[in-house]
Amino acid sequence: MEKVIKVKCIDKFTLRNHAETEVLAEVEEKDYVAELHEETEEYFAKDDQGREFLVGEINIIGELVLQDGFKMSSDRVILIKVVDKLGTHTLMSNCFVVQCLKCKKERNLVESDIKENHKILPEKCECGGKNEFKYWLDSVYTEDEYKELERKAELKEQAVDLFRKYPGNININLLKRHLRIGLITANMLLEALENDGVISHLGENRKRTLLKS
Ligand SMILES: [Zn+2]
């Protein structure tokens, strides 16, 4: 079964609690990306304010049954990986948009926007304007995770500064001593910088070198 599906709401509605005192979600007539909750085998989407609502479930014979008012969207959910200074993120269709810089029209990402090596270069808008790919980290991370990532990004920069200063000493101890961090964090930093291609793998001489400056 799919982890993520794209559904279209064909009859907008407002979801309220039993006592009708509270709005639980406001669902518009448009496409929604819904994620599978594996424990219950139910698909939930989020409204514009991030409130979850049920769109369907897997029945006893393994078929997807949608709630009334929903149908499967013809668009496929495009999952893409983007790399930025905070790391690598897997984005779903509801985390990004393609927007024309000239007429400001927004549209979904399509497969032909994705070039070789997973590079994203959106096709031009029908008005002739250049399309721009934008995504929002706040739909990928919570505020705490975002802060943690920012701290890691900061540590990475400080680590690279240190490596430039002491290129013969790229190791955990250098990081621990100068950045006042623990063993686990220092190790995580070294691994992350190796994955980013900033420093080399541990060589036969048990040393690492700075690859990018
Ligand atoms: Zn345009």
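Everything numeric here is computed off the predicted structure, so don't read it as measured data. (Residues numbered from 1 in each chain as written. Predicted model: local features only at pLDDT ≥ 70, side-chain atom pairs only at ≥ 80, totals over all residues. Heavy atoms only, no water.)

Caption draft 1: The coordination of the zinc ion, seen in detail. Coordination of the zinc ion by the protein involves Cys100 (SG), Cys103 (SG), Cys125 (SG) and Cys127 (SG), with metal-donor separations of 2.3 to 2.4 Å. Here the zinc ion is ringed by four donor atoms whose angles at the metal span 105 to 116 degrees, and the overall shape comes out tetrahedral. Going along the chain, you hit the donors of the zinc ion in the pattern C-x2-C-x21-C-x1-C. Separated by 27 residues along the polypeptide, Cys100 in strand 11 (residues 96-100) and Cys127 in the loop between strand 12 (106-107) and strand 13 (131-135) bring together distant segments of the chain. Assessed through its relative accessible area of 1%, Cys100 is described here as buried. (Donors = N, O, S within 2.8 Å, 3.2 Å for Na, K, Ca; no water. Tetrahedral: all angles 85-135°; square planar, octahedral: opposite > 155°, others 65-115°. Helix = DSSP H or I, 4+ residues; strand = E, 2+ residues; numbered from the N terminus. Buried < 20%, exposed > 50% of the residue type's maximum accessible area, 1.4 Å probe, protein only.)

Caption draft 2: Structural context of helix 2 (residues 172-179). For helix 2, the full list of buried residues reads Leu174, Leu175 and Leu179. Viewed along the axis of helix 2, the buried residues span an arc of 95 degrees, placing them on a single side of the element. The N-cap of helix 2, judged by a side-chain oxygen 3.2 Å from the amide nitrogen of Asn173 a few residues on, is Asn171. (Arc of directions from axis to C-beta. Polar contact = N/O pair within 3.5 Å; in protein donor to acceptor, adjacent residues only side chain to side chain.)

Caption draft 3: How the structure looks around the side chain of Ser200. As for its placement among the helices and strands, Ser200 is situated in the segment after helix 3 (183-195). Ignoring sequence-local partners within four residues, the contact set of Ser200 consists of Glu194, Lys207, Arg208, Thr209 and Leu211. (Contact = heavy atoms within 4.5 Å.)

Caption draft 4: Molecular detail of the nonpolar core. Among the nonpolar cores identified, the biggest contains 16 residues, and Phe163, Leu175 and Leu179 are the most heavily contacted of them. Of all the secondary structure elements, the ones that give two or more residues to this core are helix 1 (143-165), helix 2 and helix 3. Looking at this core element by element, the count peaks at five residues for helix 1. In this structure, Leu179 is in contact with Leu155, Gln158, Ala159, Leu162 and Leu189, ignoring residues within four places of it in sequence. (Core = buried A, V, L, I, M, F, W, Y, C linked by side-chain atoms within 4.5 Å.)

Caption draft 5: Molecular detail of the pattern of salt bridges. Within this structure, the stated rule accounts for 12 salt bridges. Between Glu38 and Lys3 there is a salt bridge, with its nearest N and O atoms 3.3 Å apart. In this pair, Glu38 sits in the loop between strand 4 (31-37) and strand 5 (42-46) while Lys3 sits in the segment before strand 1 (4-9), placing the two residues 35 residues apart along the sequence. A salt bridge links Arg164 to Asp161, with the nearest nitrogen and oxygen atoms 3.0 Å apart. One end of the pair, Arg164, and the other, Asp161, are both in helix 1, three residues apart, so they sit about a helical turn from each other. Taken together, the shared-partner salt bridges in this structure form one network comprising Glu26, Asp47 and Arg51. (Salt bridge = Lys/Arg side-chain N within 4 Å of Asp/Glu carboxyl O.)

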